[in-house]
Amino acid sequence: METDALDRVESAVDARAREMQGVFTDMLRIKAVNPRMGGPGEKERAAFLEKFLRGNGFAVDRVDVKDGGAPGGVRPSISAKIGGKDSGRNLWYISHLDTVPEGSRDLWKTDPFEPVVRDGKVYARGAEDNGQSLVASLFALLALKEVGAELPFNVGVWFVADEEFGSDYGIKALLEKGLFKKTDLVVVPDAGTPTGSDIEIAEKGLLWMKLTTEGKQVHASLPKKGLNAHRVGMELALDLDRVLNGKYTKRNRLYDYPVSSFEPTKVEPNVGNINTIPGEDVSYFDCRVLPEYDLDAVVRDVKATVRRVEKKRRAKIRFEKVQMESAGPATASDSDVAALLRRAVSAVTGVKPRFTGIGGQTVGNLFRRDGIPTAVWSTIDDVPHEPNEYSKLANLVNDAKVFASVPLLAV
Ligand SMILES: [Zn+2]
C-alpha cells in the first residue's frame, strides 16, 4: 500500500514536470525583492500563486501584515492545505516569497528577472532562494491531491513574506497569530547541499555587537597628552576574545563547527593620517553561540569585560547589541518531522542524509524557539544571493517528490 502510494505520487510529480517548470519561470519573472531592500515586495507574486492555487481547486488563506513602507501597504503570506485523518495536526512546508536584489548587474550573464533555462538549470534572482523549494512544495501538494492518497494529518504550504529582512512581516507575525501548533511538523526548505545529504535540525544563537571606545585625540608625537582609543580598543577586543572563547568551550558534534564562535570582525576607519592618535575606536564582534548557552550570560560577560578595561584604561566604552537572536532547542533526530523527512529522502533519492547543525540562522530557528520541531532541508548547489543564481530542474522535481512522500511514510 505504502509503496503503491509512493509510486503514484512520484509519477504524478513527473507528469507535471513541464508545468512545474512553466510555473517556476513565470513566478521568477514577477519581481519580489524585499521592500526594505528597495524592491516592490511580495504582493504580485503572492497574487499569482493564489490564483494558481485557486485554479487547482484549493482554498487559500491569506494573511496581510500592515507595512506602511511597502507598495500597497501590506505584506502578504499565503497558505493552502489538504485535509488528513488527524485534522488537528499539520505538516507544513514553509518557503518565502521575497528575494534579495540582483546586486551588480554587470556580474549577471543574463537578466536576473527574465529567467533563462539552459542545460537543465533555471537562472534568475530567487531561483534557488527560495523559488525552487516554493514551487517544489506547491507541486508536492498538487500531486498529493491528485493521487488522493490517505494522509495521516493535514499537509500544507505557506509562502511567506519578509524572510530576507528579519521576518517581522512574515513568520514572526504568523507565529504571533498562533497559526502553528506544537504538535505540527514543520519543514523549512531554505538551506541544503548539492546531494540533499544534510538535514539541519539545529542552529546557533546569534549576537552581533558594536564596541565604541572613546579616548582623546592628539598628535602622535605627544602620546601622554591624549588617550589612544585604538590601543584600548585592541586591548578590549583581545580581552573579549580570551574571555569568551575561554569560557564558552562546550562542544556539540552535531555542528560542522562544533563550538561557539566569538570573532572580532569589522573595524571602522579612524583617523585619516598616520601621525594622529585616534580619539575613537569602533569595532564589531560576530558571535555564534550553541543553544546550550544563554545569550544573556554572554552579554553579562561582555559588559563585565568592558567595565574592567574601561576602569583600567580610564576610557569610555559603549557596548551595543546590533542584533541578538537566541537559538531554540535542537529538534530531536527521532522527532516525527526529522525521521520522516530522512526516510523520504532515502526512499526517493537513495541518499542517506545525516543530521547537522549550522552556525547560520533560518526561520527554522523561530519555530524551534516556539517549541515546534522543525527540519531544514533541500537539494541546492548553495548559490543564494550570488550573481547568476540558479536552480537545477532535476532538484525541483526530486525535492517535490520528497515533500510529497513525507506524509505517506507516516501511514
Ligand atoms: Zn532563503
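Residues numbered from 1 in each chain as written. Predicted model: local features only at pLDDT ≥ 70, side-chain atom pairs only at ≥ 80, totals over all residues. Heavy atoms only, no water.

This paragraph deals with the environment of V117. By the secondary structure assignment, V117 is in strand β4 (residues 116–118). Put simply, V117 and A17 are 100 residues apart on the chain and 14 Å apart in space, counted from C-alpha to C-alpha. Setting aside residues up to four positions removed in sequence, V117 forms contacts with Q21, T25, V122 and L393. (Helix = DSSP H or I, 4+ residues; strand = E, 2+ residues; numbered from the N terminus. Contact = heavy atoms within 4.5 Å.)

What follows deals with the domain arrangement of the chain. Assigned domains within the chain: domain 1 (2–203 + 327–408) and domain 2 (205–325). The C-alpha-based centres of domain 1 and domain 2 are spaced at 38 Å. Contacts between domain 1 and domain 2 engage 16 residues on the former and 8 residues on the latter. In this assembly, domain 1 packs against domain 2 so that about 950 Å² is buried in total across both faces, 47% of it on carbon and sulfur atoms. Sorting the residues of domain 1 by area buried against domain 2 places A327, G357 and Q361 first, and these three jointly supply 37% of that buried surface. Here domain 1 is connected to domain 2 by 3 salt bridges. D256 is the partner of R354 in a salt bridge, and the nearest nitrogen-oxygen pair spans 3.4 Å. At the junction of domain 1 with domain 2, the criterion picks out 7 residue pairs in polar contact (both at pLDDT 80 or more). Top element by residues in the side of domain 1 that touches domain 2 is strand β15 (residues 354–358). It accounts for 5 residues. Class assignment of the residues belonging to the side of domain 1 that touches domain 2 gives a composition of 6 nonpolar, 6 polar and 4 charged. (Domains from an automatic or database assignment. Buried area = accessible area lost by both parts, 1.4 Å probe. Salt bridge = Lys/Arg side-chain N within 4 Å of Asp/Glu carboxyl O. Polar contact = N/O pair within 3.5 Å; in protein donor to acceptor, adjacent residues only side chain to side chain. Nonpolar A, V, L, I, M, F, W, Y, C, P; charged D, E, K, R; others polar.)

This paragraph deals with the packing of helix α4 (residues 127–147) against helix α10 (residues 393–408). Put simply, α4 and α10 touch, their axes get as near as 8 Å, and they point 50° apart. Classified by the angle between their axes, α4 and α10 sit oblique to one another. Our pair here, α4 against α10, has a crossing hand that is right-handed. Contacts between α4 and α10 involve Q132, S133, V135, A136, S137, A140 and L144 on the former and, on the latter, N395, L396, D399, A400, F403, A404, P407 and L408. (Axes fitted to C-alpha atoms, helices over the stretch in contact; angles between N-to-C directions. Parallel < 35°, antiparallel > 145°, perpendicular 65-115°, else oblique. Left-handed = near helix turned anticlockwise from the far one by under 90°.)

Another point: the packing of aromatic side chains. Tallying each qualifying case throughout the model produces 10 aromatic pairs. Considering the side-chain rings of W92 and W158, the 6.1 Å spacing of their centres and the 55° angle between planes classify their relative orientation as tilted. With W92 in strand β3 (residues 86–96) and W158 in strand β6 (residues 153–160), this pair connects stretches of sequence that are 66 residues apart. For W158, a relative accessible area of 3% gives the class buried. Taking the centre distance of 4.7 Å and the plane angle of 45° together, the rings of Y93 and F403 count as tilted. Residue Y93 is located in strand β3, and its partner F403 is located in helix α10; the two are separated by 310 residues in the primary sequence. The same class applies to Y93 and to F403, which are both buried. Put simply, the rings of W92, W158, F180 and F367 touch in pairs and so form one group of aromatic residues. If you follow K31 out to its NZ or CZ, it ends over the ring of F113, 4.6 Å from the centre. The ring of Y390 has K121 lying over it, and the distance from NZ or CZ to the ring centre is 4.6 Å. (Phe/Tyr/Trp six-rings, centres within 6.5 Å; stacked < 30°, edge-to-face > 60°. Buried < 20%, exposed > 50% of the residue type's maximum accessible area, 1.4 Å probe, protein only. Lys NZ or Arg CZ within 6 Å of the ring centre and 35° of its normal.)

What follows deals with the coordination of the zinc ion. Surrounding the zinc ion are the protein donor atoms H96 (NE2), D129 (OD), D190 (OD) and D190 (OD), at 1.8 to 2.5 Å. Classification of the site at the zinc ion rests on its 4 donor atoms, whose angles at the metal span 53 to 149°, yielding the label irregular. All donors of the zinc ion come from a single chain, and their spacing in sequence reads H-x32-D-x60-D. Of this pair, H96 sits in strand β3 while D190 sits in the loop between β7 (185–188) and β8 (198–203), placing them 94 residues apart in sequence. (Donors = N, O, S within 2.8 Å, 3.2 Å for Na, K, Ca; no water. Tetrahedral: all angles 85-135°; square planar, octahedral: opposite > 155°, others 65-115°.)

To continue, consider the sheet that holds strand β5 (residues 121–123). One open sheet accounts for 3 strands, arranged β4-β5-β17; its pairing is antiparallel. Both outer strands of the open sheet, β4 and β17 (390–392), are each paired with one neighbouring strand and no more. If you compare each strand with its neighbour and ignore which way they point, the axes differ by 25° on average. Strand direction decides the pairing type here: β4 and β5, joined by 3 bridges, are antiparallel. Within β5, the position partnered with V116 by the bridge is Y123. Where α4 meets the sheet, its contacts fall on β5 and β17, and the angle it forms with β17 comes to roughly 35°. (Pairing = 2+ DSSP bridges.)

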